[in-house]
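So the chains spell out like this:
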Number of protein chains: 2
Amino acid sequence: MINKNYSALKESYLFSTVARKQREFASENPSLKIYKMSIGDVTLPLSKEVVEAMNKAVAEMGVKETFRGYGDEQGYRFLRESIKEHYRSYNVELDEKEIFVSDGAKSDLGNFTELFSADATVLVPDPVYPVYVDSNMMAGRRIKYIKADKTNSFLPMPSEDDAADIIYLCSPNNPTGAVYGRKELGKWVDFALAHGSVILFDAAYEFFIDGDLPHSIFEIEGAKECAVEFCSFSKTAGFTGVRCGYTVVPEKLVRDGVSLNKMWLRRQTTKFNGVSYIVQRGAAAVFADGGKGAKETIRYYKENAGIITRALDSLGVFYTGGSNSPYVFFECPNGMDSWEFFDLALKRAQVVGTPGAGFGENGKKFFRLTAFSDRETTMIATERLGNLIADVKKG
Amino acid sequence: MINKNYSALKESYLFSTVARKQREFASENPSLKIYKMSIGDVTLPLSKEVVEAMNKAVAEMGVKETFRGYGDEQGYRFLRESIKEHYRSYNVELDEKEIFVSDGAKSDLGNFTELFSADATVLVPDPVYPVYVDSNMMAGRRIKYIKADKTNSFLPMPSEDDAADIIYLCSPNNPTGAVYGRKELGKWVDFALAHGSVILFDAAYEFFIDGDLPHSIFEIEGAKECAVEFCSFSKTAGFTGVRCGYTVVPEKLVRDGVSLNKMWLRRQTTKFNGVSYIVQRGAAAVFADGGKGAKETIRYYKENAGIITRALDSLGVFYTGGSNSPYVFFECPNGMDSWEFFDLALKRAQVVGTPGAGFGENGKKFFRLTAFSDRETTMIATERLGNLIADVKKG
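About the cut-offs
- Residues numbered from 1 in each chain as written.
- Chains lettered and ligands numbered in written order.
- Predicted model: local features only at pLDDT ≥ 70, side-chain atom pairs only at ≥ 80, totals over all residues.
- Buried ≥ 20, exposed ≤ 12 C-beta atoms within 10 Å, placed from the backbone.
- Helix = DSSP H or I, 4+ residues; strand = E, 2+ residues; numbered from the N terminus.
- Arc of directions from axis to C-beta.
- Contact = placed C-beta atoms within 7 Å.
- Pairing = 2+ DSSP bridges.
- Axes fitted to C-alpha atoms, helices over the stretch in contact; angles between N-to-C directions.
- Nonpolar A, V, L, I, M, F, W, Y, C, P; charged D, E, K, R; others polar.
- pLDDT = per-residue confidence, 0-100.
- Expected span 1.5 Å × (residues − 1).
- Core = buried A, V, L, I, M, F, W, Y, C linked by C-beta atoms within 7 Å.
- Parallel < 35°, antiparallel > 145°, perpendicular 65-115°, else oblique.
- Left-handed = near helix turned anticlockwise from the far one by under 90°.
- Right-handed = clockwise from strand over helix to strand, strands pointing away.

**Focus on helix α11 (residues 338-349) of chain B**
Residue and element names in this part refer to chain B.
In step 1: Taken as a whole, α11 has its buried residues at Ser338, Phe341, Phe342, Ala345, Leu346 and Ala349. Buried residues of α11 fall within an arc of 135° about the axis and therefore sit on the same side.
In step 2: The secondary structure elements touched by the buried residues of α11 are α1 (14-28), β13 (351-352), β14 (354-355), β15 (366-370) and α12 (375-394).
In step 3: Once α11 finishes, Gln350 follows within two positions and takes phi at roughly 55°, a positive value.

**Section: the sheet that holds strand β12 (residues 327-331) of chain A**
All names here are of chain A.
In step 1: The four strands lie next to each other as β11-β12-β15-β14, forming an open sheet whose pairing is antiparallel. If you trace the sheet from one side to the other, it starts and ends with β11 (319-321) and β14 (354-355), each paired once.
In step 2: Packing against the sheet, helix α10 (residues 292-315) makes contact with β11, β12 and β15 (366-370), and its axis sits at approximately 15° to β12.

**Comments concerning the interface of chain A and chain B**
In step 1: Counting residues at the interface gives 61 residues for chain A, matched by 61 residues for chain B.
In step 2: Elements supplying a minimum of two residues to the side of chain A that touches chain B: α2 (48-61), α4 (105-111), α5 (130-138), α8 (260-271) and α9 (277-286) of chain A.
In step 3: Looking at side-chain class alone, the side of chain A that touches chain B contains 29 nonpolar, 18 polar and 14 charged residues.

**Side note on unusual backbone geometry**
Both trends apply: most residues other than glycine have a negative phi, and most peptide bonds are in trans.
In step 1: Residue Pro127(B) follows Asp126(B) across a cis peptide bond; omega there is 5°.
In step 2: Structurally, the position occupied by Pro127(B) is in the loop between β3 (121-126) and α5 (130-138).
In step 3: Put simply, Asn174(B) and Pro175(B) share a cis peptide bond, and its omega is 20°.
In step 4: Within the secondary structure layout, Pro175(B) lies in the loop between β5 (166-170) and α6 (182-195).
In step 5: The backbone phi angle of Ser153(A) is positive, close to 55°, even though this residue is not glycine.
In step 6: Note that Ser153(A) resides in the loop between β4 (142-147) and β5 (166-170).
In step 7: On the basis of neighbour counts, which here come to 12 C-beta atoms within 10 Å, the residue Ser153(A) falls in the exposed class.
In step 8: A positive phi angle, near 60°, is found at Phe154(B), a position not held by glycine.
In step 9: Within the element layout of this structure, Phe154(B) appears in the loop between β4 (142-147) and β5.
In step 10: Phe154(B) gets classed as buried once you count the C-beta atoms within 10 Å, which come to 23.

**As for the confidence of the model for chain A**
In step 1: Predicted confidence across chain A gives a mean pLDDT of 96, with 99% of residues reaching 70 or more.
In step 2: Among the scores for the predicted complex, ipTM is 0.95 and pTM is 0.95.

**Observations concerning α12(B)**
For an α-helix the count is 3.6 residues per turn, leaving residues at separations of three or four pointing the same way.
Residue and element names in this part refer to chain B.
In step 1: End to end, α12 covers 28 Å across 20 residues, agreeing with the expected 28 Å (1.5 Å per residue, within 8%).
In step 2: Among the residues of α12, those classed as buried are Thr378, Ala381, Thr382, Leu385 and Ile389. Seen from one end, α12 has its buried residues packed into an arc of 105°, which puts them on one side. Exposed and oriented more than 90 degrees from the buried face of α12 are Glu376, Ala390 and Lys394.
In step 3: Turning to α12, the residues buried within the fold contact β1 (35-36), α10 (292-315), α11 and β13.
In step 4: Directly beyond the C-terminal end of α12, a positive phi value near 95° is found at Gly395.

**Focus: the nonpolar core**
In step 1: Within the largest apolar cluster, 244 residues are counted, with the highest numbers of intra-cluster contacts made by Ile199(A) and Ile199(B).
In step 2: The contacts of Ile199(A), once residues within four sequence positions are left out, are Ile167(A), Leu169(A), Trp188(A), Ala192(A), Ile217(A), Cys226(A) and Ala227(A).

**So, the packing of α2(A) against α9(A)**
Residues and elements named next belong to chain A.
In step 1: Two elements in contact, α2 and α9, have axes whose closest approach is 8 Å; the angle formed by their N-to-C orientations is 150°. Relative to α9, the element α2 is oriented roughly antiparallel. Here α2 runs over α9; the crossing is right-handed. Where α2 abuts α9, its residues Glu49, Val50, Ala53, Met54, Lys56, Ala57, Val58 and Met61 lie against Tyr277, Ile278, Arg281, Gly282, Ala284, Ala285 and Val286.

**Here we look at the pairing of β5(A)**
Residue and element names in this part refer to chain A.
In step 1: Within β5, five of the five residues are buried, leaving the element largely enclosed by the surrounding structure.
In step 2: Neither face of β5 is left uncovered, since the one carrying Ile166, Tyr168 and Cys170 and the one carrying Ile167 and Leu169 both have all their residues buried.
In step 3: Sheet topology places strand β3 (residues 121-126) next to β5; two bridges connect them, and they run parallel. Each bridged residue has a counterpart across the sheet, and for Leu123 the counterpart in β5 is Ile167.
In step 4: Pairing between β5 and strand β6 (residues 198-202): five bridges, direction parallel. For Leu169, the partnering residue across the bridge sits in β6 and is Phe201.
In step 5: In the classification by handedness, the crossover that spans β5, the intervening helix α6 (residues 182-195) and the parallel β6 is right-handed.

Next up, the structure:
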């Protein structure tokens, strides 16, 4: 009676192992300060506009005349309208029916796979955010990997061997911070169209892009026939503890004669009851004034990323990310294994990062730092890690 | 590649059909006021304590020192502690690890079935909340029905034919409002233990119980070895638009040698990112002072239920519910079909209720009213429906 696929999952989730090791070190060394540069959690508070909007919504909920009960499972119109406007700023035209508000990209990235059969094949870049793999393993789907490494700057391109029903792409990438250009993303779209694949595009970090790189896969011709996009306010506007995301399922996306938009609507209306009204009001305030408050916060994080990448540059360490992404993914010194480097960084520098091995085979000699800490932590952690790397290199 | 089970689902969800018919009637009859007694949505505002707690939480999120990012997927300790205390008031001792905070019972009732294999059999009372059936149909599980009707007062008891891997029970029941007594629930627990079944117990309406009836299945000896309980702040404290629930998975619940508590933790940490901090603060305030604010609101709704049941009593109409439940489930006059009565009630009395047929075969001659409207609507709707029923009876 039990779903046997769960037994194939690895015992513990990457971040919980990191957290456990950190906890154990702290309890053994109570006098040492630990510098957290690991889990992708934000540290700056919500912007003023968001706080104001949520305050107002809380007040409304306390008065009979303005109280709101169930909203549509797919989200309030006011929020879907502002998401639509946001896409318009990238020259992407969406219908409101194509936008589904959710409690976060993580939920939707996992739940969306329910629309596929258990024998659908899944292509996942390695290294990658572990949730893609685990969610599909839970359903017993066969997973194929495409290699991301130094030789392709962690931006793999498909070959005929990579044909699959479902293709996960994440750009700006977690954990590598690498970002696909228009031409490269166009090739993925063509590949998906040619093979009838559905691309599940994780755009959770799109707000970190500055240059002329695609924020949305729907900026690419043909993507509406082959892609679903997952996005989130978590990193855009510090909503990791507030919980709100959105998923775009184009009406043109049809497989086996069935509209995936209609299937997802059916899934959400059956197994979900929408996002908190208060949270949706906060989310709608994010895009007010062109996302001014959120952009300011992101500028701060990107300055942190610059501190890290400048230090790595001066040490001659290979890395990806850091410029259009909150993540910096660097090669461990002297070919060290990433968990080995994790333990060393914790012990010698009291810096907690994320071992690349947690994201897949090809990450096992890499290490992820995030730009989400405050300035002081970032500066101290970078200096300490820099000294450690220099020491290790000297041997 | 597509999950074919979706094609077996009925085209549209009960409440959306009700909403559509209501919308169409309103647009054809713009001058007529419609009295909504259908969807189980609340109408009274959040209590003062909840509003205050959420206000405080919103303010905290706007300040760096008190800002909170990701919380544990299973919920903040402060909320799980207060849920634990709430259970203690029913003489149920839980470990904090057995409590999982969610965005609502609907999500968890659907998602929990992922822990079972596709060939697990499911027993569902008929009539019942449609989500149980649809969630399992989406996974291709075989569904067996157990008949709830006038002869068993809509409280069916199991016989050997009803053996199944998964058993759904809802008490106080949606849609019938019927509540199992201790002895009856004990028989279900014994049945599940004898057959190795898992009972998925929906206790979303437990706060409406007054008398000596079980609020939780864990009040019953042996239930921790065979049951999971789903509960929600939606009806308890008007959280339908705020979104918060909780699921109790006992550590003693083991099937095929696997702990369902551990499986659910794995599922939630992989495909869920926890409930909004602000919402969790609001939820924790619900149980303050023994749930005083919530109890006051529920008293109001139950007075509404009394208005409905007294009218039905005087008309000699058979019904269940209304005393420990916000629902009243009554027999349509003269053996009328429930959708037929729905159309008639809308046309002649402008009252919208929910046709029992939407909940299953055995509901097709019954009609559900809810006590969640305001007093005036309830009084007028009851009077209008009463007159209509009297008219229909006269022929």
